[in-house]
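Spelled out from the first residue to the last, the chains are:
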Amino acid sequence: MSDFPYKEIESLEAIPEDTHIVHCAFQSLDFRSIRYRLVDKSFSDCLFLGCIIPKEMDEKIDLSCLVLPKLGMPYKAFTNSLYTPETLYEGYDPADPATFADCFDSRIYREYVSRGKYTQDIRETLGRTIHDHSITDAVSDFVGRYEKHNVVSIMGGHAMKRSDEEYMKIVRISKKLTENGKLMVSGGGPGAMEATHFGAWMAGRSEEELADAVRMLSHAETFRDRGWLESAFAVCEKYPQIRFRSLGIPTWLYGHEPSTPFATDIAKFFDNSLRENQIISVAMGGIIFTPGSAGTVREIFQDAEQNHYRTLGHESPMVFLGTSFYRKEVPVYGFLQQMLNHERYKHLLLSITDDENLIIKTIMDFRLEQ
């Protein structure tokens, strides 16, 4: 067995031309359509993950290979790509809101709840674990296309209204950072998360177009209001995004909160702890913390720990939007400063402001040490 990483093969076109194929990982491929190309090939030390393998291939795969079949789940456990709004909302028609109940995302959530969010069923837990591993791998491939300091996360509450001042600040921050080459990341749900991806979606658009899109969204302020999802799809249709991308990382644990269709790429997880770790660990360019509740507070201390220990090899900015909120209502900023002054925490790059332009400058000025 080689000490080198397996070469990941995620499409039939990427299959090597070699007669003897060694040390490759084939993910979720259906080999039946290329039987003719496999007649003279053999495989050693390869992984076949959720593939459909015709009987003609059986004798070509030696005992050094690992073959894990499809698991028959309603989702693709061995997925080789991230979700998109189109794949996640397959079956949903914005003109008929009732169809949301039967879209791909809703079907998975119902299955997830019916089998138990914390089930003991070994087949189910295996499927979810493999799925989340596959999504983690897809996230790594996706963010790997960007310079590390260009990946930035925004944290904040799901209850933030579209009419809130903080919502629009997040939109403008995300829009500007996206236009300046940053990949914006969030938990992929409503509220502050939606604002992150809405801003990225409107990158490259004029102030007049942004104002019109905001008007289109204004009729439904939260995800609990009728028309929340439909209005987002209406904006996507009127102002298609073909240049800029953003990454949403939601979870079926909170599956009652719809994933925002403004995220062009979606990494949806079953395990919320894995999901949280992804949102924080990929943001090597810094994290902007906006007003939120318990989940956001947990993320603050998780990020502080990561920076303290330099888990990823370096520290990155922790930028707080909301001086009154984070100094008085949820006074974590003062606590972090005190811990930093007493060297209980180290390597924290802290800043706090209400000025969105200062936040943009802080993120844009940050560079990783070589």
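Residues numbered from 1 in each chain as written. Predicted model: local features only at pLDDT ≥ 70, side-chain atom pairs only at ≥ 80, totals over all residues. Heavy atoms only, no water.

Student: What exactly am I supposed to notice about the overall build of the chain here?
Tutor: The number of helices and strands found in the chain is 13 helices and 13 strands. The C-alpha radius of gyration computed for the chain amounts to 22 Å, which stays within 12% of the reference 21 Å derived for 370 residues, consistent with globular compactness. With the principal axes as the frame, the chain shows a C-alpha extent of 70 × 55 × 45 Å. Burial statistics for the chain: of 370 residues in total, 55% are counted as buried. Across the chain, every contact between residues at least 6 apart in sequence was considered, and the portion connecting residues at least 24 apart equals 62%. Here the chain contributes 41 positively and 54 negatively charged side chains, and the mean placements of these two sets differ by 1 Å. (Helix = DSSP H or I, 4+ residues; strand = E, 2+ residues; numbered from the N terminus. Rg over C-alpha atoms; globule rule 2.2 N^0.38 Å. Buried < 20%, exposed > 50% of the residue type's maximum accessible area, 1.4 Å probe, protein only. Contact = heavy atoms within 4.5 Å. Lys, Arg positive; Asp, Glu negative; His and termini not counted. Charge placed at Lys NZ, Arg CZ, Asp CG, Glu CD.)

Student: In this structure, what is going on with the sheet that holds strand β1 (residues 7-9)? I would like to understand it.
Tutor: Picture the strands of a sheet paired through backbone hydrogen bonds; they go either parallel or antiparallel. Spatially, the 4 strands line up as an open sheet ordered β1-β3-β5-β6, and their pairing is parallel. Of all the strands in the sheet, the pair left with one neighbour each is β1 and β6 (66-68). Between one strand axis and the next, the sheet turns through 15° on average, direction left out of account. Of the strand pairs in this sheet, strand β5 (residues 47-49) and β6 are connected by 3 bridges, and their pairing is parallel. For Leu49, the partnering residue across the bridge sits in β6 and is Leu68. (Pairing = 2+ DSSP bridges. Axes fitted to C-alpha atoms, helices over the stretch in contact; angles between N-to-C directions.)

Student: Quick question: what am I supposed to make of the sheet that holds strand β7 (residues 151-155) here?
Tutor: Read from one edge of the open sheet, 7 strands run β10-β9-β8-β7-β11-β12-β13, paired in parallel fashion. Of all the strands in the sheet, the pair left with one neighbour each is β10 (265-266) and β13 (349-353). Of the strand pairs in this sheet, strand β9 (residues 246-248) and β10 are connected by 2 bridges, and their pairing is parallel. When the bridges of β10 are listed, Leu247 appears paired with Asp265. Its contacts with the sheet put helix α6 (residues 192-201) on β7, β8 (183-186) and β9, and the angle it makes with β8 is roughly 160°.

Student: Explain the pattern of salt bridges here, please?
Tutor: As a working rule, side chains carrying opposite charge can pair if their charged atoms are close by. This model, assessed by the stated rule, comprises 19 salt bridges. Here Arg205 and Glu209 are joined by a salt bridge, their closest N and O atoms 3.4 Å apart. Arg205 gets classed as partly exposed once you look at its relative accessible area, which sits at 23%. A relative accessible area of 24% places Glu209 in the partly exposed class. (Salt bridge = Lys/Arg side-chain N within 4 Å of Asp/Glu carboxyl O.)

Student: What is the right way to look at unusual backbone geometry in this model?
Tutor: With glycine set apart, most residues show a phi of negative sign, and most peptide bonds adopt trans. The residue Asp45 is not glycine, and still its phi comes out positive at about 50°. For Asp45, the position within the fold is in the loop between β4 (42-44) and β5. Positive phi values are uncommon outside glycine, yet His347 reaches one of about 65°.

Student: Help me understand the nonpolar core, please; the structure alone is not making it clear to me.
Tutor: Counting residues in hydrophobic clusters, the biggest one holds 62 residues, and the most contacted among them are Leu247, Met318, Phe320, Tyr326 and Leu336. In terms of residue count, helix α4 (residues 122-143) provides more of this core than any other element does, 6 residues in total. Among the nonpolar cores identified, the runner-up in size contains 30 residues, and Val152, Tyr167, Leu210 and Ala213 belong to it. (Core = buried A, V, L, I, M, F, W, Y, C linked by side-chain atoms within 4.5 Å.)

Student: Mind showing me how you'd approach the side chain of Ser153 here?
Tutor: As for its placement among the helices and strands, Ser153 is situated in strand β7. Relative accessible area serves as the criterion here: at 0%, Ser153 is assigned to the buried category. Discounting chain neighbours no more than four positions away, the residues touching Ser153 are Val185, Ile279, Ala283, Gly286, Ile287 and Ile288.

Student: How do you make sense of the environment of Tyr146 when you look at a structure like this?
Tutor: Of note, Tyr146 is situated in the loop between α4 and β7. Of the residues examined, Tyr146 reaches a relative accessible area of 25% and is grouped as partly exposed. The spacing of Tyr146 and Lys182 is 36 residues in sequence and 8.4 Å in space, taken between C-alpha atoms. With residues up to four places along the chain from it excluded, the contact list for Tyr146 reads Val151, Leu183 and Arg245.

Student: Is there a simple way to explain the packing of aromatic side chains in this structure?
Tutor: Describing an aromatic ring pair means giving the distance of the ring centres and the angle of the ring planes. Here the structure, examined in full by the defined rule, presents 23 aromatic pairs. Here the aromatic rings of Tyr83 and Phe104 are separated by 6.2 Å at their centres, their planes lie at 50°, and the arrangement is tilted. Note that Tyr83 is positioned in the loop between β6 and α2 (85-88) and Phe104 in helix α3 (residues 104-115), a separation of 21 residues in sequence. Taken as a pair, Tyr83 and Phe104 share a single burial class, namely buried. Consider the rings of Phe320 and Tyr326, whose centres lie 5.1 Å apart with planes at 75°: the pair is edge-to-face. Neither residue differs from the other here; Phe320 and Tyr326 are each classed as buried. Members of the aromatic cluster, each reached through a chain of ring pairs, are Tyr75, Tyr83, Phe104, Tyr112, Trp252 and Phe270. (Phe/Tyr/Trp six-rings, centres within 6.5 Å; stacked < 30°, edge-to-face > 60°.)

Student: Which parts of the structure should I look at to understand the environment of Ala195?
Tutor: On the secondary structure map, Ala195 appears in helix α6. Residue class for Ala195 comes out buried when judged on its relative accessible area of 0%. Separated by 39 residues in sequence, Ala195 and Gly156 place their C-alpha atoms 9.7 Å apart. Leaving out residues up to four positions away in the same chain, Ala195 has contacts with Tyr167, Ile170, Val171 and Ser174.

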